[in-house]
Amino acid sequence: MSLETEAVLDRRRLRRRASFWRGLAILAVLLAIGAAVGLTADQTSRIGTKQIARVSLEGVITEDRKQLELLRRVADARNVEGLILFINSPGGTTTGGEALYDAIRKVSEKKPVVAQFGTVATSAAYIAGLATDQIVARGNSITGSVGVIFQWAEVTELMSKLGVKMHEVKSGPLKATPSPFQPTDEAGKEVAQSMIADSFQWFAGLVAERRGIDTAAAPALMQGRIYSGREALSHKLIDRIGGEDEVRRWLEETRGVTKDLRIVDWKPAREPAWGLLGDAAMAMAQWIGGPLGDAATRLMNARVLATLQLDGLVAVWQPLENR
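To keep things clear, this report deals only with the structure shown in the data block. Note that this is a predicted model, so its numbers are computed, not measured.

The rules behind each value
- Residues numbered from 1 in each chain as written.
- Predicted model: local features only at pLDDT ≥ 70, side-chain atom pairs only at ≥ 80, totals over all residues.
- Heavy atoms only, no water.
- Helix = DSSP H or I, 4+ residues; strand = E, 2+ residues; numbered from the N terminus.
- Buried < 20%, exposed > 50% of the residue type's maximum accessible area, 1.4 Å probe, protein only.
- Contact = heavy atoms within 4.5 Å.
- Areas by Shrake-Rupley, 256 points an atom, 1.4 Å probe, with all protein chains shown as cover.
- Phe/Tyr/Trp six-rings, centres within 6.5 Å; stacked < 30°, edge-to-face > 60°.
- Pairing = 2+ DSSP bridges.
- Right-handed = clockwise from strand over helix to strand, strands pointing away.
- Polar contact = N/O pair within 3.5 Å; in protein donor to acceptor, adjacent residues only side chain to side chain.
- Axes fitted to C-alpha atoms, helices over the stretch in contact; angles between N-to-C directions.
- Parallel < 35°, antiparallel > 145°, perpendicular 65-115°, else oblique.
- Core = buried A, V, L, I, M, F, W, Y, C linked by side-chain atoms within 4.5 Å.
- Left-handed = near helix turned anticlockwise from the far one by under 90°.
- Expected span 1.5 Å × (residues − 1).
- Arc of directions from axis to C-beta.
- Salt bridge = Lys/Arg side-chain N within 4 Å of Asp/Glu carboxyl O.

1. A few points about the overall build of the protein
Move 1: The helix and strand tally for the protein stands at 11 helices and 10 strands.
Move 2: Considering the protein as a whole, with its 323 residues, one finds that 38% of them fall into the buried category.
Move 3: Within the protein, contacts between residues at least 6 apart in sequence are counted, and of these 74% link residues at least 24 apart.
Move 4: Element-wise, carbon and sulfur atoms account for 55% of the exposed surface of the protein, whose accessible area totals about 19900 Å².

2. What about unusual backbone geometry?
Move 1: In this structure, Ser145 takes a positive phi of about 55° despite not being glycine.
Move 2: Mapped onto the elements, Ser145 comes out in the loop between strand E6 (142–144) and helix H6 (156–162).
Move 3: Residue classification places Ser145 among the buried residues on the basis of a relative accessible area of 8%.

3. Structural notes on the packing of aromatic side chains
Move 1: Using the criterion set out here, one finds one aromatic pair in the structure.
Move 2: With a centroid separation of 6.3 Å and an interplanar angle of 65°, the aromatic rings of Phe117 and Tyr126 are classed as edge-to-face.
Move 3: Of the residues examined, Phe117 reaches a relative accessible area of 1% and is grouped as buried.

4. Thoughts on the side chain of Glu252
Move 1: Structurally, Glu252 is set in helix H9 (residues 244–255).
Move 2: Classification of Glu252 as buried rests on a relative accessible area of 19%.
Move 3: Ignoring any residue separated from it by four or fewer positions in sequence, one finds Glu252 in contact with Val257, Thr258, Lys259 and Asp260.

5. Focus: the environment of Gly229
Move 1: Considering the arrangement of structural elements, one finds Gly229 in helix H8 (residues 229–234).
Move 2: Setting aside anything within four residues of it in sequence, one finds Gly229 in contact with Arg138, Gly139, Asn140, Ser141, Ile238 and Ile241.

6. A closer look at the pairing of strand E5 (residues 134–137)
Move 1: Alternating positions in E5 separate into two faces, Gln134 and Val136 on one and Ile135 and Ala137 on the other, with burial throughout.
Move 2: In this sheet, E5 lies alongside strand E4 (residues 113–122) in parallel orientation, the contact comprising four bridges. Residue pairing across strands places Ala115 opposite Ile135, the latter belonging to E5.
Move 3: Tracing the backbone out of E4, into helix H5 (residues 124–130) and back to the parallel element E5 gives a crossover that is right-handed.

7. A few points about the side chain of Ser179
Move 1: In this structure, Ser179 sits in the loop between H6 and helix H7 (186–211).
Move 2: Among the residues examined, Ser179 registers a relative accessible area of 9% and is labelled buried.
Move 3: Of note is the side chain of Ser179, whose polar atom sits 3.1 Å from the backbone nitrogen of Phe181.

8. Topic: the packing of helix H3 (residues 65–76) against helix H4 (residues 94–108)
For any two helices packed against each other, one specifies the inter-axial angle together with the distance between the axes.
Move 1: Put simply, H3 and H4 touch, their axes get as near as 9 Å, and they point 10° apart. Judged on the interaxial angle alone, H4 and H3 are roughly parallel. Taken together, the residues of H4 that come into contact with H3 (itself represented by Gln67, Leu68, Leu71 and Ala75) are Ala99, Leu100, Ala103, Ile104 and Val107.

9. Examining the nonpolar core
Move 1: If you look at the biggest cluster of nonpolar residues, it comprises 51 residues, and the most contacted ones within it are Ile87, Phe117, Tyr126, Phe203, Val207 and Trp266.
Move 2: Secondary-structure elements contributing two or more residues to this core are strand E1 (51–58), H3, strand E2 (80–89), H4, E4, H5, E5 and H7.
Move 3: In contact with Ile87, not counting residues within four places along its chain, are Leu57, Ala115, Gln116, Phe117, Gly118, Val120, Ala121, Ala125, Ala128 and Gly129.
Move 4: Counting residues in each nonpolar core, the second largest holds 10 residues, with Ile52, Ile84, Val136 and Val247 among its members.

10. Notes on the environment of Arg65
Move 1: With respect to the helices and strands, the residue Arg65 is situated in helix H3.
Move 2: Residue classification places Arg65 among the exposed positions, given a relative accessible area of 73%.
Move 3: Here the alpha-carbon distance between Arg65 and Pro268, two residues 203 residues apart in the chain, equals 9.4 Å.

11. Re the packing of H4 against H7
Move 1: At a minimum axis distance of 12 Å, the contact between H4 and H7 shows a crossing angle of 30°. If you check the angle between H4 and H7, you find them roughly parallel. For H4 against H7, the interelement crossing comes out left-handed. Residue-level contacts link Thr94, Glu98, Tyr101 and Arg105 of H4 to Trp202, Leu206 and Arg210 of H7.

12. Regarding H3
Each α-helix winds once per 3.6 residues, and so residues spaced three or four apart point in a common direction.
Move 1: With 12 residues, H3 ought to run about 16 Å at 1.5 Å a step, and its terminal C-alpha atoms sit 17 Å apart, in line with that.
Move 2: The set of residues buried in H3 consists of Gln67, Leu68, Leu70, Leu71, Val74 and Ala75. With its buried residues spanning 155° around the axis, H3 presents them on a single face.
Move 3: Of the surrounding secondary structure, the elements contacted by the buried residues of H3 are E1, E2 and H4.
Move 4: Sitting at the amino-terminal end of H3 is Asp64, which places a side-chain oxygen 3.0 Å from the backbone nitrogen of Lys66.

13. Quick word on the pattern of salt bridges
Move 1: Scanning all chains against the criterion turns up 13 salt bridges.
Move 2: Here Glu231 makes a salt bridge to Arg225, at a shortest N to O gap of 2.9 Å.
Move 3: Judged by its relative accessible area of 31%, Glu231 is partly exposed.
Move 4: The exposure class assigned to Arg225 is partly exposed, which follows from its relative accessible area of 29%.

Here's what the structure looks like:
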């Protein structure tokens, strides 16, 4: 083998080694960046910097264990002087609202908690607001909707048209009542109404206790009416109109929170849908580019979402056009 050939081979081997180590270095940097970005706010807060924590409650409220655990960590964090609860939700299940209420009250035992209402904070979302020490809303925020509903579909006529019959054997006449597979009788309606009345009494009791008002005095409050922020203020359902500036002012002037502290968003830890392999596949799809890369990216971003089932009693505001 000639010296020239050996030199060419040596150069090729050097290029391969250089490419390998260069790729390994890039991968290490990407992993480091991913790890840094992936840290949740409560993990980074362990550095010890004094701060105001902010937790967002958005979308339909259910009993979210990770959300409840996050609130517990906020309560225990020594470097967190106060909590802002940003609420933008039409409500959800009554049990979800109850669980949030209890968790927020536990935070309030250790540090001040203030609610900041966004576009809408109704029903179970308003229950969460009731648990805080102060409620701030925009003048046009939608709030209120104090009430509970229990809904079920009845498909007996549809089944009759399709020639389908539903047979059942049960231990007692009130078992699995009301049911979508048979017309609801008076006994079944009375059971449902009894549960609704009990939950509504609990909800209304929270309003009276936490807001210090006669619920019967507020126009149509006991009928489930919604209010604008300005209307809610006039009926003492909230404490003040404004946004983040008013929230800060209350924390600093009323509860002695250090002035101009940084507000840090705390979020529940979420498991990655695809893990490291998925991240690598996503990066590869973006590197490929073009129609094929775009299609691969859309496929990786697609999520199969289970239909949300709000079983049982629900405290959620539903605009008429959505019913």
